[in-house]
Amino acid sequence: MSSFSKPALVTPPSPAAPRQAADRGSIRAMWYLVPALLVFALFLFYPLGRSVFLSFQGSDLFGRPSGFVGFDQYTRLFTDSGFWTVMGVTLGFTLLTVIPSIAIALGLALLLHQKIKGVRFFRTAFALPFAYSVATASVIFGVMFNQATGVLNGMLGVFGLDRVGWLTDPAWALVSVSLATVWMQLGYNLLVLSAGLGAVSEDVVEAARLDGAHGWRMQRSIIMPLLTPQLFFLLVTGTIHALQSFGQIHILTKGGPQDSTTTLVYSIYEQAFANNNSNFGYASAQAVVLLIIVVAVSVVQFGVLERKVFYR
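Residues numbered from 1 in each chain as written. Predicted model: local features only at pLDDT ≥ 70, side-chain atom pairs only at ≥ 80, totals over all residues. Heavy atoms only, no water.

Q: How should the overall build of the protein chain be read in this particular structure?
A: When helices and strands are counted, the protein chain shows twelve helices and two strands. In terms of overall dimensions, the protein chain is more spread out than a globule: its C-alpha atoms have a radius of gyration of 28 Å, far above the 20 Å expected for 312 residues. If you line up the protein chain on its principal axes, its C-alpha atoms span 120 × 70 × 35 Å. Per-residue burial over the protein chain gives 37% buried out of 312 residues. Across the protein chain, contacts joining residues at least 24 apart in sequence account for 66% of those joining residues at least 6 apart. Counting only carbon and sulfur atoms, one obtains 69% of the accessible surface of the protein chain, whose full area is about 19,400 Å². Seen as two clouds, the 19 positive and the 13 negative side-chain charges of the protein chain have centres 13 Å apart. (Helix = DSSP H or I, 4+ residues; strand = E, 2+ residues; numbered from the N terminus. Rg over C-alpha atoms; globule rule 2.2 N^0.38 Å. Buried < 20%, exposed > 50% of the residue type's maximum accessible area, 1.4 Å probe, protein only. Contact = heavy atoms within 4.5 Å. Areas by Shrake-Rupley, 256 points an atom, 1.4 Å probe, with all protein chains shown as cover. Lys, Arg positive; Asp, Glu negative; His and termini not counted. Charge placed at Lys NZ, Arg CZ, Asp CG, Glu CD.)

Shown next, in the form of structure tokens:
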């Protein structure tokens with residue numbers, strides 16, 4: 001009589017086992033995030049909270065908080081005519097840098113996307129500004145804009161035109177700083193748009209050609225809609241960058257002449273650090289206003305312009 005062994009009983013897994021494993025994985029993932037959270041807490045969250053705190057405090061001669069003053073700093077800010085002048089300069093600087101830098105980069109990207117000889121050389125040449133730091137580029141433009149020995153005034157002299165005070169004339173200073181900023185942004189914008197053009201499907205382009213789309217019609221009806229994600233990205237990041245620009249203004253004009261290039265960021269610097277002012281309460285109130293402006297502009301851009309973005 002043969003004997004048969006009984007099959008081993010297999011215990012079904014507990015329904016709670018997958019959930020426990022997922023919880024352990026989540027806890028492990030949180031530990032991996034701790035170093036990044038510490039960096040954000042130290043360099044982002046704490047300075048932000050400190051700025052909000054100082055905006056409700058007065059300041060003594062050494063910049064130390066002298067006591068709670070409520071909304072006095074904000075009242076002084078919004079009733080100061082100089083603040084609204086600074087806001088106008090900030091708006092002008094943003095308009096003079098963001099839109100031209102994207103438009104010029106778009107035109108160059110479309111030209112460099114054509115099959116022409118030496119296109120790689122031109123791509124490298126036009127993307128070169130991306131490799132320069134703000135300080136280096138600002139020094140170069142400072143030499144070019146020099147009223148006595150600058151290249152630009154030398155070229156004007158060749159045509160018999162008067163010299164221009166690019167950085168000393170209030171009518172030209174903001175335009176000159178904006179021109180330098182556009183050049184600085186051009187390389188990055190060109191790289192982003194060139195990458196977007198490289199991702200355009202050749203099948204889509206060929207189908208458009210078969211339907212009779214050529215030249216400007218091809219660019220306007222096919223290429224431009226497919227580039228809207230990159231254009232939207234550059235618009236958002238370029239606006240934030242323009243609102244936070246400081247280095248080129250400090251090196252080229254130091255906010256002058258006659259405060260014609262004093263943006264909100266540079267005004268914060270002047271109130272808090274320049275000439276031993278140490279007016280940290282007023283500067284912090286300006287910083288909070290700048291934060292609100294950046295967030296509000298970004299919300300409007302995402303709420304209005306993103307609807308026109310074609311995500312393929």
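Read on, since the account is not over.
Q: Sorry, what's going on with a nonpolar patch on the surface here?
A: A cluster of nonpolar side chains, Leu48, Val52, Leu291, Val295 and Val299, forms an exposed patch at the surface whose accessible area comes to about 390 Å². Put simply, the parts of the chain that give the nonpolar patch at least two residues each are helix H1 (16-55) and helix H12 (280-304). Sort the elements by how many residues they give to the nonpolar patch and H12 lands first, with three residues. Relative to the helices and strands, Leu48 resides in helix H1. A relative accessible area of 38% means that Leu48 is categorised as partly exposed. (Patch = residues over 30% accessible without salt bridge, like charges linked within 9 Å, V, L, I, M, F, W, Y side chains within 5 Å. Salt bridge = Lys/Arg side-chain N within 4 Å of Asp/Glu carboxyl O.)

Q: Would you explain the packing of helix H9 (residues 215-243) against H12 in this entry?
A: A pair of packed helices can be characterised by two numbers: the angle between their axes and the separation between those axes. Where H9 meets H12, the closest approach of the two axes is 10 Å, and the angle between their N-to-C directions is 165 degrees. The angle between H9 and H12 falls in the class roughly antiparallel. The two elements H9 and H12 cross, and the hand of that crossing is right-handed. Residues Phe232, Leu235, Val236, Thr239, Ile240 and Leu243 of H9 form the contact with H12, whose own contacting residues are Leu290, Ile293, Val294, Val297, Ser298, Gln301 and Phe302. In the contact of H9 with H12, the residues fall into ten nonpolar, three polar and no charged. (Axes fitted to C-alpha atoms, helices over the stretch in contact; angles between N-to-C directions. Parallel < 35°, antiparallel > 145°, perpendicular 65-115°, else oblique. Left-handed = near helix turned anticlockwise from the far one by under 90°. Nonpolar A, V, L, I, M, F, W, Y, C, P; charged D, E, K, R; others polar.)

Q: It is not clear to me how the environment of Thr124 should be interpreted in this structure. Could you clarify?
A: By the element assignment, Thr124 lies in helix H4 (residues 119-127). When the C-alpha atoms of Thr124 and Gly187 are compared, they prove to be 9.1 Å apart, with 63 residues separating the residues in sequence.

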